[in-house]
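As a plain string of letters, each chain reads:
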Amino acid sequence: MREIQEGFPERGRPAYTTVQTTVYRLERKKALRLVKRISNANIFEAAISRDDAQRRLIDELLSLFGGRAKPVMAHLIESGKLTLEDVEEARRDLKKLAREEAK
């Protein structure tokens, strides 16, 4: 816990107990797992990949909008965080997925 806490910049660093609560919640949600205990220190590791965590987070976000991506996309466009290049890449991915599903 201390190592995680000290990884934050000194200014605005969360309290030790805040880090501890977050770590134990992530463990309960199966995002982290306890791998070793050394004295009174617990060693954790990621239980899921970064990609899986991002997918889960995005699925949860979309569920807040009834599963609809359009409001999220509209916000990304308005905020300038979605570029034409992003749209073209998504278009290629959608075409590729459609071809694979047609097989």
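Residues numbered from 1 in each chain as written. Predicted model: local features only at pLDDT ≥ 70, side-chain atom pairs only at ≥ 80, totals over all residues. Heavy atoms only, no water.

Asks: Before we go on, may I ask you to explain the pattern of salt bridges in this structure?
Replies: Any two side chains of opposite charge can pair, so long as their charged atoms come close to each other. A complete count under the given rule lists two salt bridges for this structure. In this structure, the salt-bridge partner of Glu 45 is Arg 33, at a minimum N-O distance of 2.9 Å. Remark: Arg 33 occurs in strand S1 (residues 32-38) and Glu 45 occurs in strand S2 (residues 41-46); sequence separation between them is 12 residues. For Asp 52, the salt bridge identified is with Arg 55, shortest N-O distance 3.5 Å. (Salt bridge = Lys/Arg side-chain N within 4 Å of Asp/Glu carboxyl O. Helix = DSSP H or I, 4+ residues; strand = E, 2+ residues; numbered from the N terminus.)

Asks: Before we go on, may I ask you to explain the pairing of S1 in this structure?
Replies: It is a general feature of regular strands that their side chains alternate between the two faces of the sheet. Examined bridge by bridge, S1 and S2 share six bridges and lie antiparallel to one another. In the strand pairing of S2, Lys 36 is matched with Ile 43. (Pairing = 2+ DSSP bridges.)

Asks: How should a negative patch on the surface be read in this particular structure?
Replies: A surface patch of like charges, here negative, comprises Glu 85, Asp 86, Glu 89 and Asp 93. One can find Glu 85 in helix H5 (residues 84-102). (Patch = residues over 30% accessible without salt bridge, like charges linked within 9 Å, V, L, I, M, F, W, Y side chains within 5 Å. Areas by Shrake-Rupley, 256 points an atom, 1.4 Å probe, with all protein chains shown as cover. Lys, Arg positive; Asp, Glu negative; His and termini not counted. Charge placed at Lys NZ, Arg CZ, Asp CG, Glu CD.)

Asks: Looking at this structure, how should I read the packing of aromatic side chains?
Replies: Two measures describe an aromatic ring pair: the distance that separates the ring centres and the angle between the ring planes. A complete count under the given rule lists one aromatic pair for this structure. Here the aromatic rings of Tyr 24 and Phe 44 are separated by 5.9 Å at their centres, their planes lie at 75°, and the arrangement is edge-to-face. Of the two residues, Tyr 24 sits in helix H2 (residues 16-28) while Phe 44 sits in strand S2, which places them 20 residues apart along the sequence. (Phe/Tyr/Trp six-rings, centres within 6.5 Å; stacked < 30°, edge-to-face > 60°.)

Asks: Is there a simple way to explain the environment of Asn 42 in this structure?
Replies: Note that Asn 42 resides in strand S2. When near neighbours in sequence (up to four residues on either side) are disregarded, Asn 42 contacts Tyr 24, Leu 34, Lys 36 and Arg 37. In terms of polar contacts, Asn 42 uses its side chain to reach the side chain of Tyr 24, at 2.9 Å. Within polar-contact distance, the side chain of Asn 42 engages the side chain of Arg 37 at 2.9 Å. (Contact = heavy atoms within 4.5 Å. Polar contact = N/O pair within 3.5 Å; in protein donor to acceptor, adjacent residues only side chain to side chain.)

Asks: Sorry if this is basic, but what is going on with the nonpolar core here?
Replies: In globular proteins that are soluble, nonpolar side chains generally tend to be buried together. Ranked by size, the top nonpolar core spans five residues in total: Met 1, Val 19, Val 23, Leu 32 and Phe 44. Sequence-distant contacts of Leu 32, that is, excluding residues within four places in its chain, are made with Val 23, Leu 26, Glu 27, Phe 44, Glu 45, Ala 46 and Ala 47. (Core = buried A, V, L, I, M, F, W, Y, C linked by side-chain atoms within 4.5 Å. Buried < 20%, exposed > 50% of the residue type's maximum accessible area, 1.4 Å probe, protein only.)

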